[in-house]
Amino acid sequence: MMNEIALMIPEKIENLQLPAPELVTYWQNDNDRIFWIDVEITDSLFEYSKQIIRFNKEDKDIPVENRKPIKFFINSPGGDLETMLAFIGLMQISKTPIYTINAGVSYSAAGLILIAGHKRFALPNTQALIHTGSGQLGGTYDQTTEQMKNYKQMVEKMKNFIISHTNIDQKLFKKNQSKDWFITTEEQLSLGIVDKIIEDLDEIL
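All figures in this text were calculated on a predicted structure; none of them were measured in a lab. (Residues numbered from 1 in each chain as written. Predicted model: local features only at pLDDT ≥ 70, side-chain atom pairs only at ≥ 80, totals over all residues. Heavy atoms only, no water.)

Draft legend 1. A look at unusual backbone geometry. If you check the backbone angles, arginine 33 has positive phi at about 60° while not being a glycine. Counting through the fold element by element, arginine 33 comes out in the loop between helix 2 (21-32) and strand 1 (34-37). When its relative accessible area of 7% is taken as the criterion, arginine 33 is described as buried. Phi at asparagine 125 takes a positive value of approximately 60°, unusual for a residue other than glycine. Position of asparagine 125 among the secondary structure elements: in the loop between strand 4 (119-122) and strand 5 (127-130). For asparagine 125, a relative accessible area of 78% translates into the label exposed. (Helix = DSSP H or I, 4+ residues; strand = E, 2+ residues; numbered from the N terminus. Buried < 20%, exposed > 50% of the residue type's maximum accessible area, 1.4 Å probe, protein only.)

In structure tokens form, the structure reads like this:
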């Protein structure tokens, strides 16, 4: 009987369908609450909003200080301002801690997501970028007037958020707002964009 079972095992292994490696990686990262924002910021960011809500629901009966943090590794050129503002609004009200890590470049909208973390980190030799962004207007005079009004309001929200969550004051922001303001790793720390520069991956993994 044992010999018959032994003869069957190779056939079973040969026909075994293993999951795709990227699927295994996804579920492992999901279990560890590690996510990567490594594309342009678009409406697809809403998928991460769902994860934040899900983990807060799972953690509802766990004291905040005992909750497993959600970690976002960021390497993004930025993107949609409205999407970013909605996302950081959710980040701010999450009771489950959210850590943000600049893993490459955190430009424009991605830079504000970096700033929105409850704890914020930067890997060595990374960059951030702050600017007032760019927008496109279209339609009638009245429509474009309203679009511009709305855009100015979003830019003002962005400015106030940066000033209230970093060491950047009104004067320094105004000095740099009209340009692409590239910020080195060391400057990210001194300006309060991040809380720490990572020297050992064990600190965040």
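Draft legend 2. Up close: the environment of serine 178. Looking at where serine 178 falls in the secondary structure, it is placed in the loop between helix 7 (170-176) and strand 6 (181-183). Residue serine 178 is classed as exposed on the basis of its relative accessible area of 71%. In this structure the C-alpha to C-alpha distance between serine 178 and isoleucine 130, which are 48 residues apart in sequence, comes to 9.8 Å.

Draft legend 3. Highlighting the nonpolar core. Core analysis: the largest hydrophobic core is formed by 41 residues, its most contacted members being Ile113 and Ile193. Among the secondary structure elements, those contributing two or more residues to this core are strand 1, helix 3 (46-58), strand 2 (70-76), helix 4 (81-93), helix 5 (109-115), strand 5, helix 6 (141-165) and strand 6. Setting aside anything within four residues of it in sequence, one finds isoleucine 113 in contact with Ile37, Ile41, Leu45, Ile74, Met84, Phe87, Ile88, Met91 and Thr100. One finds Ile34, Tyr99, Leu123 and Ile204 within the second-largest nonpolar core, a separate group that totals eight residues. (Core = buried A, V, L, I, M, F, W, Y, C linked by side-chain atoms within 4.5 Å. Contact = heavy atoms within 4.5 Å.)

Draft legend 4. Examining the side chain of arginine 33 more closely. At a separation of 2.8 Å, a polar atom in the side chain of arginine 33 contacts the main-chain carbonyl oxygen of lysine 68. In this view, arginine 33 contacts Phe55, Glu58, Asp59, Lys68, Pro69, Ile70, Lys71 and Thr96; residues no more than four positions away in its chain are not counted. (Polar contact = N/O pair within 3.5 Å; in protein donor to acceptor, adjacent residues only side chain to side chain.)

Draft legend 5. The packing of aromatic side chains, seen in detail. Evaluation of the coordinates by the stated rule reveals eight aromatic pairs. Each ring, one from tryptophan 36 and one from phenylalanine 73, has its centre 4.7 Å from the other, and the planes form 25°; the classification is stacked. With tryptophan 36 in strand 1 and phenylalanine 73 in strand 2, this pair connects stretches of sequence that are 37 residues apart. Judged by its relative accessible area of 5%, phenylalanine 73 is buried. When the centroid spacing of 5.5 Å and the interplanar angle of 70° are considered together, the rings of tyrosine 48 and phenylalanine 72 count as edge-to-face. Taken together, the residues tyrosine 48 in helix 3 and phenylalanine 72 in strand 2 connect sequence positions 24 residues apart. Take phenylalanine 72: its relative accessible area is 0%, and that puts it in the buried class. Among the aromatic residues, ring-to-ring pairing joins Phe35, Tyr48, Phe55, Phe72 and Phe87 into one connected group. Above the face of the phenylalanine 55 ring, arginine 54 is positioned so that its terminal group lies 4.4 Å from the ring centre. (Phe/Tyr/Trp six-rings, centres within 6.5 Å; stacked < 30°, edge-to-face > 60°. Lys NZ or Arg CZ within 6 Å of the ring centre and 35° of its normal.)

These figures come from the coordinates and say nothing about function on their own.
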